[in-house]
Each structure stands twice: as structure tokens, then as C-alpha cells.
Amino acid sequence: MEIRALHPLFAAEAVGVDLSQPLDEGDFNTLKAAFEQNSVLVIRRQEITPAQQVAFSRRLGELEIHVLRQFLHPDAPEILLVSNEKRDGKPIGLGDAGHYWHSDLSYKEEPSLGSALYARVLPRDGGDTLFASMHAAYDRLEPALRERLIGLTGVHDYGYRSDIQARAGTRPPLTEAQRAAVPPVEHPLVRLHDATGRPALFVNEGFTTRIPELPPAESDAFLRQLFAASVDPAVTYRHHWQPGDMVLWDNRAVIHLATGCPEDQARTLHRTTIKGARPVGAAQTARAA
Ligand code: SIN
């Protein structure tokens, strides 16, 4: 297996991997280490079944089953269909998934560790996915700004995003029961990566709504500044999908955005989402020490 850089700061390609066969322990550990070090790992030219994707993803951790049951793969509920295709006039998957910067499930007490997205049907035009390194974004902040972040938290709120989508008419409003299942949560603005210990900015315009320790106007201004820093072109990688691409991303270390494609061009990908742990911030480890 060879690991080739795709960007000067993060993102790499693993060459010589066949995910249709179970990887031996050594290859799996090499791949996992490359994923943790590079945050985005591209594995091209794969031909795998839903069961093989699930089996591989499970080795990275327990899998989430998405709440939108109607968009799960009929043979593998661990796979969420990210798709703009329709069957009998009805969408088969989430067509508008991630059209804003976000980290998957950051609005949960235990946000996702990572996701694996496998390309099945690709459009002729567009459909790229952008990734931004939150390690690199943090490293580029002025020292005084980094100092200011210590001990601050961000509120992540799925209801906030859903309300925007409901107003735009792209998704039905959440029911009271759905809203109650995803109450707003607070996470440190800087989290330490579980495996590497590297600090990463942990905010995203998709779900982070405020910094509760600051007055509202100051919180809004600071969040705007952090959102801008987190998507600076210097820390972003654009993935142009090819048939058979499998892309793994580390939700502890990157945010991502689906750029979209023309509505009359089909795009279908299979996503598995790996469960993660409650984020730990720099201030928490300092207190524990
Ligand atoms: C997602 O946010 O999981 C979807 C990304 C994509 O469709 O490119």
C-alpha cells in the first residue's frame, strides 16, 4: 500500500487497496493510521457491495443508523443513500445532504468519528465535495486568538439547520418528537483528536449557533470570524469524484460541503457513518492534569 499526498496540509490517497477483500491486520492498521494522520483518505477504483462497505466501515467503529429511515439502503440499513434520484416519483435518498459546511452529527452529544462515502452514480457536471482541515485552520490562527478560544464552547443545534431547510421548502419541518430527540448540545470550540491529540477548531456554519459564554453580539462576531478562518482556501481540498471512489473523512478533524450538481443529472453515493465519542477540549485536559 502506498499513501500519496493530495494537498500540502492534509488529504491523501491510498493506492493498492482492494476493499472487496477483508484487509489483513497490518494493512488495516496502515490504512487507519493514514486516515487519522491525513483526515481525508481517498481510495479509488473500488468495486464493492453494500455488505462489503459495511464490513469495512465496522472495523473503524460502531455504525450509526440514520434517523431518516426511508433513505436507508434496502439491504443494508447502515448505509444512508445520498442521492438525488427518484423511484416512482419519490426521492430514494437525501438529495440535499450537506450543501453547507458541517461535521457529521456535530449536534449530538457524541458526534460522528468519521464517514465513508462510496460513489455509485456520478453526474457529468459538478457534484464535487469540499473538505477543510480544522487542524490546519486552528494552527493558522494568531496565538492571541487561540488563547481566547480556551475554555469556550459552541452550541450545535440540528433544529436550527432544519428550520432553515423547512423555510426553504427542501425538507419537511421536524416533528416535536424529532426535535426532542436532538436537543442543542455544547462542545468545546477546540477539541483534541482522540487518536493523535492534535487540536482542531470544532465549529461549523451548519450547526454551530452561538458561544454561550459570550454576549450575543460578541458571539455572532466571533463565530463569523471562526467560520471564515475554517474555510480559508489554504485549508481546503476539493474532491472531484471518479467512479468507484471511496472517500473516508475524519469528522473530528475536517468539515465538508457538497457543492451540488444540476438537478437533471443523477448522483448517488453510499454513506456509512461511524460513531464517535464526546469531544474533549484543551481546557478539560489542562484541568484533569
Ligand atoms: C454528506 O455531507 O455526507 C454528503 C457529501 C456529498 O454528497 O458530497
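Just above sits the structure.
Below or above, wherever it landed, is the structure these notes cover.

## Notes on helix 7 (residues 216–230)
Next, step 1: Compared with the 21 Å implied by 1.5 Å per residue over 15 residues, the 21 Å span of helix 7 between its first and last C-alpha is a close match.
Next, step 2: Of the positions making up helix 7, those classed as buried are S219, F222, L223, L226, F227 and S230. What you see down the axis of helix 7 is that its buried residues fit within an arc of 140°, all on one side. Exposed and facing more than 90 degrees away from the buried side of helix 7 are A217 and R224.
Next, step 3: Close packing links the buried residues of helix 7 with strand 9 (129–133), helix 3 (134–139), helix 4 (143–149), strand 13 (199–201), strand 14 (208–210) and strand 17 (254–258).

## Focus: the pairing of strand 3 (residues 40–43)
Next, step 1: Burial of the side chains of strand 3 extends over both faces: V40 and V42 are buried on one face and L41 and I43 on the other.
Next, step 2: In this sheet, strand 3 lies alongside strand 2 (residues 12–15) in parallel orientation, the contact comprising two bridges. Paired with A12 across the strands is L41, a residue of strand 3.
Next, step 3: Tracing the backbone out of strand 2, into helix 1 (residues 25–38) and back to the parallel element strand 3 gives a crossover that is right-handed.

## Thoughts on the site of the ligand
Next, step 1: The ligand sits among V82, A97, G98, H102, L117, T129, W249, H256, A258, R267 and R271.
Next, step 2: One of the side-chain N or O atoms of R267 is found 2.8 Å from an oxygen atom in the ligand.
Next, step 3: Between the ligand and the protein, one listed contact pairs an oxygen atom with a side-chain N or O atom of R271 at 2.8 Å.
Next, step 4: In isolation the ligand offers 260 Å² of accessible surface; the protein chains occlude 100% of this area.
Next, step 5: Of the residues assigned to the shell around the ligand, the class counts are five nonpolar, four polar and two charged.

Rules used in this analysis
- Residues numbered from 1 in each chain as written.
- Predicted model: local features only at pLDDT ≥ 70, side-chain atom pairs only at ≥ 80, totals over all residues.
- Heavy atoms only, no water.
- Helix = DSSP H or I, 4+ residues; strand = E, 2+ residues; numbered from the N terminus.
- Expected span 1.5 Å × (residues − 1).
- Buried < 20%, exposed > 50% of the residue type's maximum accessible area, 1.4 Å probe, protein only.
- Arc of directions from axis to C-beta.
- Contact = heavy atoms within 4.5 Å.
- Pairing = 2+ DSSP bridges.
- Right-handed = clockwise from strand over helix to strand, strands pointing away.
- Near = heavy atom within 4 Å.
- Polar contact = N/O pair within 3.5 Å; in protein donor to acceptor, adjacent residues only side chain to side chain.
- Areas by Shrake-Rupley, 256 points an atom, 1.4 Å probe, with all protein chains shown as cover.
- Nonpolar A, V, L, I, M, F, W, Y, C, P; charged D, E, K, R; others polar.

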